Amino acid sequence: MKVLVCISQVPDTSTKIVLKNNSTAISSDGVTYIINPYDEWYALIRAIELKETGIATEVHLVTVGSANVEPVIRKALALGGDEAVRIDADSNDSYETAGYIAEYAAGGGYDLILCGKESIDYNNGTTGAMLAGLLDINYIGFATGIQVEGNTVTREIEGGEETDACNLPVVISCQKGVAEARIPNMRGIMAARTRPLKVIVPTKIAPLTQILAYELPPAKAGIKLLSPDNMDELVALLHTEAKVI
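The residue count restarts for each chain, going from 1 along the sequence in the order it is written. Whole-chain, interface and lining totals are the exception, using all residues; otherwise, since this is a predicted model, local features are given only for residues with pLDDT of at least 70 and side-chain atom pairs are given and counted only at 80 or more. Side-chain measures here rest on the full set of heavy atoms in the structure, leaving out hydrogens and waters.

**Student:** Explain the overall build of the chain to me, please; I cannot follow it from the model alone.
**Tutor:** Helix and strand definitions here come from DSSP, where helices need a minimum of 4 consecutive H or I residues and strands a minimum of 2 consecutive E residues; each element is numbered from the N-terminal end. Helix and strand counts for the chain stand at 6 helices and 13 strands. When the 245 residues of the chain are sorted by exposure, 40% land in the buried category. Every residue pair with non-hydrogen atoms within 4.5 Å of one another is taken to be in contact. In the chain, once contacts between residues fewer than 6 apart in sequence are set aside, the share between residues at least 24 apart is 72%. Under the convention used here, Asp and Glu are negative, Lys and Arg are positive, and both His and the chain ends fall outside the count. Positions of charges follow a simple convention, taking NZ of Lys, CZ of Arg, CG of Asp or CD of Glu. Here the chain holds 20 positive side-chain charges and 31 negative ones, and the gap between their average locations is 7 Å. The rule is simple: take the accessible area with a 1.4 Å probe, protein chains only, and divide by the maximum for that residue type; under 20% is buried, over 50% is exposed, in between is partly exposed.

**Student:** Honestly, helix 3 (residues 94–105) in this entry has me stumped. Any pointers?
**Tutor:** Residues lying three or four places apart along an α-helix face the same way, a consequence of the helix completing one turn every 3.6 residues. With 12 residues, helix 3 extends 16 Å between its outermost C-alpha atoms, agreeing within 8% with the 16 Å of an ideal straight helix rising 1.5 Å per residue. In terms of burial, helix 3 is a largely internal element, 10 of the 12 residues being buried. For helix 3, the complete set of buried residues consists of S94, E96, T97, A98, G99, Y100, I101, A102, Y104 and A105. Packing partners of the buried residues in helix 3 comprise strand 1 (2–6), strand 6 (58–64), strand 7 (83–87), strand 8 (112–116), helix 4 (127–135) and strand 13 (197–200). Its side-chain oxygen placed 3.2 Å from the backbone nitrogen of Y95, D93 serves as the N-cap of helix 3. Expected span, for any helix, means 1.5 Å times one less than how many residues it has. For this analysis, a polar contact is any N or O atom pair within 3.5 Å, provided that within protein one partner can donate a hydrogen and the other can accept it, and provided that sequence-adjacent residues contribute only side-chain to side-chain pairs.

**Student:** Help me understand the side chain of S27, please; the structure alone is not making it clear to me.
**Tutor:** Residue position: S27 is located in the loop between strand 4 (25–26) and strand 5 (33–35). From its side chain, S27 meets the backbone nitrogen of D29 in a polar contact 3.3 Å long. Once residues within four sequence positions are removed from consideration, S27 is found in contact with V18 and K20.

Here it is in structure tokens:
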């Protein structure tokens, strides 16, 4: 079995976001970037587990981005990927990103394509489904368990879980439960530094969406402490200030 894992770069959640160009862009100065956690902790690690158990023969990695994403894809190599490809394009549109990956994956002979359920920057969760549609193969989203031996996938649904049977090839988006997070060892980190990284210049795909502006959330109000004996004031504040009752 040949597995492709889609890797995306996102800002670390502890990074302070600063807007620029009249709030039409995000400044990258001082921003720490990481592998999207859903891609790393679940999709990638599950692919590595499949290789460790002999089910998968190869685990390939693909990312869309400019040269500044290379440290992220090399970390994915350090965790256990066999080969990595960077598609040289900047995109924050799901359709455009899926299109670039589909062009690459179409000739790769992949049996299983894994991605995170969403990226933690835009949280739209649509790239995996679009990728499957463009490749005209099956798609299962929000997986919490993947059992390749029986071709079944467990996924969350409202009020419970659902187990689906599927045929290969298939695209699966992964979330918590699919695998347990790992950290790369020193040997993997050192080896990944010199591993070849294939760069592909794609045919330009027109995005379907465009970001007009960003807006930061309002600053949090100060905390007001009350005596536990002063319940009347607490109720009054919940009415007049918090307006929750």
